[in-house]
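Report on the structure
Take a look at the letters that make up each chain.
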Amino acid sequence: YSKVKHLLKDLDELMEAVLERILGPELSHVNATRVLNLTIWNHMPLVFINEQNPHHPVVLDLFEDNYNGSASSGPAPGRTCSAHECKVAMRLCSHNGTMCNFRNFSSATQAVTEWYTLQATNIFAQVPNQELVAMGYPAERLILACLFGAEPCNYRNFTPIFDPDYGNCYIFNWGMTEKALPSANPGAEFGLKLILDMGQEDYVPFLTSTAGARLMLHEQMSYPFIKEEGIFAMSGMETSIGVLVDKLERKGEPYSQCTVNGSDVPIRNLYSDYNTTYSIQ
């Protein structure tokens, strides 16, 4: 967070004001009027939807005066709605603003979390990948100690890749350029042992409410889809993970439309740079 907070300054200030508004004025610790940069807000705001009259729902902006570039940290005058009484939704409009849809949420917590994640992702998407890598945790800071089959290893034995959701990730024994290391015996003593520094004090405050490591076991020379298939290990805890692998191989013609390598599927392989195999489901 210390390396990206300058990018998130306006968004974080806006997020604090949004939380104050949703939680209610009685919980607000800021009484003075603050000036917010509402460029992000006007593009995709959160709104209250009052459905007391289901035939004529009323849409209420969280801020009172967002069309002139300023906003009060307190509630707008005449508001008769709160997060407990109304739905919180995200307003999604066309480029010229003539057509709008509303994305409803089951809770205000889900609404602000998804809204912040979308805005932060948009901000980071405008930063070159090389800069994003430098803003993440380097391997030497994350991986403090390493053992594989009772043999010592270190962060240099890991291959870095950049994941769009989790940032810097590190792959052990990938087998892409180096010789693959075999594991002769099952059990915790013969597997991979790591001591990791979570850096929990420097997490992005509104981007996540949890801390831990995201791990995944995958075949060598295959791309790791860590968001879809990863598992969590808690911070501050010793975690032992045992794995049994089931391999499912689908037959092609004449049994199904599955292909050998996907080369005849009219979809560009986004991971061809890694020279890895993956399936389209």
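Here the residue numbers are simple positions, counted from 1 along each chain's written sequence. A pLDDT threshold of at least 70 governs which residues receive local features in this predicted model, and a stricter bar of 80 or more applies before side-chain atom pairs are shown or counted, although totals over entire chains, interfaces and linings include all residues. Think of the side-chain values as coming from all heavy atoms in the structure, minus any hydrogens and water.

On to the nonpolar core, then. Residues grouped as a nonpolar core are buried Ala, Val, Leu, Ile, Met, Phe, Trp, Tyr and Cys residues, joined through side-chain atoms within 4.5 Å. The classification of residues rests on relative accessible area computed with a 1.4 Å probe and restricted to protein chains. Under 20% of the type maximum is buried, over 50% is exposed, and intermediate values are partly exposed. Counting 31 residues, the largest nonpolar core has Leu8, Val18, Trp41, Leu46, Phe63, Trp115 and Tyr116 as its most contacted members. If you list the elements that add at least two residues to this core, you get α1 (9-23), β1 (46-50), β3 (87-93) and α3 (108-125). Secondary structure elements follow DSSP: runs of H or I of four or more residues count as helices, runs of E of two or more count as strands, with numbering from the N terminus. Looking at this core element by element, the count peaks at seven residues for α3. Core analysis: the next-biggest nonpolar cluster, separate from the first, contains eight residues, Cys146, Phe148, Cys153 and Phe158 among them.

Right, let's get into a nonpolar patch on the surface. Within this analysis, patches are made of residues with over 30% relative accessible area and no salt bridge. Like charges are joined at 9 Å or less; nonpolar side chains (Val, Leu, Ile, Met, Phe, Trp, Tyr) at 5 Å or less. Computed with a 1.4 Å probe, the accessible areas rest on the Shrake-Rupley method; for each residue, only the protein chains presented here act as cover. Salt bridges are counted wherever a side-chain nitrogen of Lys or Arg sits within 4 Å of a carboxyl oxygen of Asp or Glu. A cluster of nonpolar side chains, Leu217, Ile231, Ile241, Val243 and Val245, forms an exposed patch at the surface whose accessible area comes to about 480 Å². Looking at where Ile241 falls in the secondary structure, it is placed in the segment after β11 (231-234). Taking relative accessible area as the criterion, Ile241 reaches 40% and is therefore assigned partly exposed.

Once that is clear, we can look at the pattern of salt bridges. Per the counting criterion, the structure on display carries seven salt bridges. Lys193 serves as the salt-bridge partner of Glu189, at 3.2 Å between the closest nitrogen and oxygen.

Turning next to the state of the cysteines. In what follows, a disulfide is any cysteine sulfur pair within 2.5 Å. One pass over the full model with this rule turns up two disulfides. A sulfur-sulfur distance of 1.9 Å marks the disulfide that ties Cys93 to Cys100. Disulfide Cys93-Cys100: torsion about the S-S bond near 105°, hence right-handed. On the basis of relative accessibility, which here comes to 36%, the residue Cys93 falls in the partly exposed class. On the accessibility criterion, Cys100 (33% relative accessible area) is partly exposed. Covalent S-S linkage joins Cys146 and Cys153, the inter-sulfur distance amounting to 1.8 Å. One disulfide, between Cys146 and Cys153, carries an S-S torsion of -80° and so falls in the left-handed class. No difference in accessibility class separates Cys146 from Cys153, as the two residues are buried.

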